[in-house]
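# Examining the three-dimensional arrangement
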Amino acid sequence: MTDAEVVFVVDDDSSVRSSLKFLLSTVGLQVESFDSADAFLRRKSAGAPSCLVLDVRLPGLSGIDIQRELAARDIRIPIIFLTGHGDISMSVRAMKAGAVEFLTKPFRDQDLLDAVRIALEQDRARREQEKEATVLRQRFDSLTSREQQVISLLVSGMLNKQIAGQLGTAESTVKVQRSRAMEKMHAESLVDLVRMIEKIKSRTARTS
Amino acid sequence: MTTEAQSTQTINPLDLRDLIEKMPALAVCALPDGSVELVNHAWREYTGCSLQQLSGRVWQTTIHPDEVERFIDEWTVTLAGGKPFQTEARIRGTDGRYRWFLIMKALAVTPTGGGESSLRTLITCVDIHERKQAEAKLQQGEELLQAFFENSPNLVFLKDRQSGYLYANLQFKKAFQISGEIRGKTDDQLFSPEQAAAFQAVDRQVLQTGSLVKLEDVALYEDGLHARIVQKFPLFNAEGEIYAIGGAVTDITDRKREESALRYSEENYRLVVETAPDAVISIDERGAILLANPATARIFGHDPAELIGKPLTVLMPEFLRKLHEKGFSRYLATGQRHINWQGTELTALRKNGQEFPVEISFGEVSRDGHKVFTGFVRDISERKQAEEMRAAHARQMAVRAEVSMAFGKEESLRTILGECSEAIVRHLDAAFARIWTLSDDGKMLELQASAGMYTHLDGPHSHIPVGRFKIGMIAQSREPHLTNDVLNDPRISDRVWAEREGMASFAGYPLCVGDRTVGVLAMFSRKPVTPETTETLASGADLIAHGIERKHAQQALQMTQIELARVSRLTTMGELAASIAHEVNQPLTAVTNNGSACLRLLAASKLEPEVLRRVLEEIVADGTRASAVIARIRAFIKKAPAEKNKLDINEVIQEVLIIADRELNENRVRLDRQLAKTLPLVLADRVQMQQVLLNLIMNGIEAMAAVTNRPRSLCMQSRIDDSGDILVAVHDSGTGLSSETHRLFTPFYTTKAHGMGMGLSISRSLVESHGGRLWAEPNSPHGAVFCFTLPEPGGSES
């Protein structure tokens, strides 16, 4: 748990907040706590892997509302829900919307710590993927538009000859452009290139 | 006397004196100055007055006061004129009575003893009293006769031989309006020529025959024609010659009128008898028919002529004949009547054998020493029919009224229908009447009421599938089924029973509201069902059907209301539970978090005392906070909005039983009420008490759902317990309590498949909020008893 991971705690109850902070601190986690959804949403974006421990019942926006709001803002922070009483339908909804865990108060300390650990791992992995995609996107952006066209057609499975026919140029020209683009993208093989383009596509390049 | 006195002028004075003394007449001798010289023996004896007593005023003392003045006057006049004196006057006797005397005076010269003579006056009084009285009597007799004739109601008159009137009495004058003197007038002057001629003709007849002529005639009086009996008779003089004609006339106009009226009424009577709508029959002492009018033919079917001579009993049904004969002969023997003679209702027999109701009045007359009885016989079949219709109408009204009244009561449907069926039995002469209602699924008829010879509600008829048997077929076809021939009706299954019980008729009606069937009403009777009865049943069925429908709707509404109240309270409780969880969980979470963190640090030997102290403080604060939350919730429950009023818990029990009525019926639960007659009012929230009771009743019903091998019975009990509190207990014969009795009242604990586990918990909270207790005990031999108490008012609860 390097890179100064942060656990955000949102609970309107100050005792719960401070006890959570204390508990999480025992495993060396940095905790930032908020007493409302609004206060949390107003914070600066974190660069390090983070997760959110969220009470379902809050004044103002509820925990579920925050989950929806974050999704709408494309903020992909993993969420661990805490609730005062077992509400199955609510927990199902929360889990479907991507929550990591749904814990009923009072919970076993280990359950929370496990959930937090999983959440932070998820966030770290996501962040790395996003970082790679961003690099690839930057490389892709550095290609000329003709090179981008050639690569796109290549990835879709066309042969050089077909690409030349499509673009109305000589096959030799396509060959040159193709090898230049491969070089710029740091792709060692066609398979490598295809994987890279997939990553760019899957993550429509907008950094969080 | 005067002559006598004068003739004694020469006799010896002494002799004269002696003579006077001895005269039978009263005699007084007076001097010329009027002073009395002597009175004789007769005088003294009659008047009782001696000479001394008279003291000169002889007449004033003895003459009647009415006549004394006249007497003195006459005396004075004659004395002055020297004339003889004679008068009549009354003189008083010794007994004080007066008698009439003729008083006369004679002058006499009496020679005295000394040779000188003196003038004397001799007065004699002769008793004429008898004559005077006879005269008065005679005069009185004449006056009487005159008055008799004058005032006679008859016309009385006297005429001379030439028809000239000598006398006519007042009545005569009044009749002919004659005023003034009639004497001397003739018929020609007084009457019309025809009348006068008629009168004179009779007069001539009297003169010719010399005897009484008596005749009836008609004369024109002032006020119209009069019928009269006239009697004229001759009056003969001493020579035997007729000198006058007497007449006496009696007015018989009124009698004539009565006679003619009588004749008319006899005629009328005959006509009435002939044309009478009633049979008129006369019998003799043997009971044989003497006379029968034409109506007899119409009413009895017998020709009147062929009835003559036959015994009256041919007109009677068999069962009355002996009775009549006995009664009739007893009357003849003793005069004792065996029936009322005026307007007695009996049964008569027509020639064709048909019996019919009659009203008989009869009377008796004696003819030639024999009794004749005449009876008027009126056929009252129609009247009876009308009466029967009126009675039927009254019965219908009674049934309708009682059904309406029953449905007006705040009773369970079963009780109401019980009253309805009783009304039908009572008013329609049913052997028994039953009412079934249709179950909710519309497949089963459930017996709700039975009155008359059968009152049980269990047995084979308690549940009848729609479409089966006669009752189920009525519900299915929605058509009434009526029969007056139960033994031959194909739908009647148990003919042996019907025959044994003598059932004659069956009437079954579907209970329909619009196109919905809600039940069946049916009755058996030992008598045929009349059209009036079926009409009453049809109208009663209509009322009952609507009543049931209304009652169901009312129950549904009440159920909804209670359910609504229950749900709203449950929601509140649910929210409360969530709130409890959240409020308490917050500090608990903090405590566990803090505790866990400390344990972790401790394990890693990283727990610094300063940190531990701070965390422990937080733990203590959170624990305190948790208990404060619980205290607050408890306070909230206590303050749960309740509207407490003084109410009779029995009343609430009845209300809830009405609501639960359907549930009880559908689950075939027998309800038993053991409610204390009088309970003090409790201070409680009616809706909350309803909830508690309904909850306990429903629990009881549900606990018996699985019971099939014994009766399902629910007993509602209310009483005062040993501590003076009001105790309500619900006994069921269900599956009983498990070993986890203590958990029954824990929230969310349930033994039911679909239970929430909140009912008893909430009920207990509600009862406790009323200051009471709620608990469960095992029932014996099966089931459970749920009891709750409410403090008696005026106790600790305020």
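Report on the accompanying structure.

How each quantity is defined
One numbering rule holds for all chains: residues counted from 1, following each sequence as written. All chains are assigned letters beginning with A, and all ligands numbers beginning with 1, in the order in which they are written. Per-residue local features are limited, in this predicted model, to residues with pLDDT of at least 70; the limit for side-chain atom pairs, both in listing and counting, is 80 or more; totals at the level of whole chains, interfaces and linings are taken over all residues. With hydrogens and water set aside, each side-chain value is computed from the structure's full complement of heavy atoms. Strands here mean DSSP runs of E at least two residues long; helices mean DSSP runs of H or I at least four residues long; both are numbered from the N terminus. Here, a strand pair is defined by DSSP locating no fewer than two bridges between the strands. For helices, the fitted axis covers only the stretch in contact; all axes are lines through C-alpha atoms, and the angles between them, taken along N-to-C directions, range from 0 to 180 degrees. Put simply, a patch holds well-exposed residues, over 30% relative accessible area, that have no salt bridge, with like charges counted together within 9 Å and Val, Leu, Ile, Met, Phe, Trp or Tyr side chains within 5 Å. Accessible surface area values rest on a Shrake-Rupley calculation with a 1.4 Å probe, where residue burial reflects the displayed protein chains alone. For this document, the term salt bridge refers to a Lys or Arg side-chain nitrogen within 4 Å of an Asp or Glu carboxyl oxygen. Expected helix span is computed as 1.5 Å times (number of residues minus one). The contact criterion used throughout is that any non-hydrogen atoms of two residues lie within 4.5 Å. Relative accessible area decides the class of each residue, using a 1.4 Å probe on protein chains only: under 20% of the type maximum gives buried, over 50% gives exposed, and in between gives partly exposed. Polar contacts, as counted here, are pairs of nitrogen or oxygen atoms within 3.5 Å of one another; within protein the pair requires one atom able to donate a hydrogen and one able to accept it, and residues that are adjacent in sequence qualify only if both atoms are side-chain atoms. Centre distance within 6.5 Å is the pairing criterion for rings of Phe, Tyr and Trp, where only the six-membered ring of Trp is used; planes under 30 degrees apart are then read as stacked, over 60 as edge-to-face, and the remainder as tilted. Placement of a charge over a ring requires the Lys NZ or Arg CZ to be within 6 Å of the ring centre, with the centre-to-atom vector within 35 degrees of the ring normal.

## Quick look at unusual backbone geometry
In this structure, A:P106 follows A:K105 across a cis peptide bond, with omega equal to -15°. Tracing the backbone shows A:P106 in the loop between β5 (101-104) and α5 (109-142). Cis peptide bonds are those with omega within 30 degrees of zero, and the linkage from B:S780 to B:P781 qualifies with 0°. With respect to the element layout, B:P781 can be found in the loop between β27 (774-778) and β28 (784-790). Within the chain, B:R668 stands out as a residue other than glycine whose phi angle is a positive 55°.

## Here's the deal with the sheet that holds strand β17 (residues 444-452) of chain B
All names here are of chain B. Within the open sheet, the six strands sit side by side as β18-β17-β16-β21-β20-β19. Their pairing is antiparallel. In this open sheet, the two strands that pair with only one neighbour each are β18 (463-465) and β19 (481-483). Between one strand axis and the next, the sheet turns by 25° as a mean value, whatever way the strands run. Pairing between β19 and strand β20 (residues 505-513): three bridges, direction antiparallel. The residue of β20 that forms the bridge with L482 is A507.

## Comments concerning a nonpolar patch on the surface
A cluster of nonpolar side chains, contributed by B:V218, B:L220 and B:L225, occupies part of the molecular surface with about 310 Å² of accessible area. Looking at the secondary structure, you find B:V218 in strand β8 (residues 213-221).

## Quick look at helix α16 (residues 413-428) of chain B
Between its first and last C-alpha, α16(B) extends 22 Å over 16 residues, near the 22 Å set by a 1.5 Å rise per residue. Trailing α16(B) by a residue or two, B:D429 shows a phi angle of about 60°, which is positive.

## Focus: the sheet that holds β5(A)
Residue and element names in this part refer to chain A. Spatially, the five strands line up as an open sheet ordered β2-β1-β3-β4-β5, and their pairing is parallel. Looking along the sheet, the strands with just one partner apiece sit at the ends: β2 (30-34) and β5. Pairwise comparison of adjacent strand axes, ignoring direction, gives a mean angle of 20° for this sheet. Contacting β1 (6-10), β3 (50-55), β4 (79-83) and β5, α5 runs over the sheet at an angle of about 135° to β3.

## Some words on the side chain of B:H226
All names here are of chain B. In this fold, H226 is placed in strand β9 (residues 224-236). Given a relative accessible area of 13%, H226 falls into the buried group. There is a polar contact of 2.4 Å between the side chain of H226 and the side chain of D251. Every residue in contact with H226, bar those within four places of it in the chain, is listed here: D217, V218, A219, Y221, D251 and T253.

## Focus: the packing of aromatic side chains
Using the criterion set out here, one finds 25 aromatic pairs over all chains in the structure. Judged by centre distance (5.0 Å) and plane angle (80°), the rings of B:W497 and B:F524 are edge-to-face. Taken together, the positions of B:W497 in helix α18 (residues 495-501) and B:F524 in strand β21 (residues 516-525) put the pair 27 residues apart, joining distant regions of the chain. Relative accessible area serves as the criterion here: at 6%, B:F524 is assigned to the buried category. An aromatic cluster of at least three residues, connected via ring pairs, comprises B:F157, B:Y165, B:F172, B:F176, B:F191, B:F199 and B:Y221. Its end group placed over the ring of A:F8, A:R43 keeps NZ or CZ at 4.6 Å from the ring centre. Just above the ring of B:W775 sits the side chain of B:R773; from NZ or CZ to the centre is 4.4 Å.

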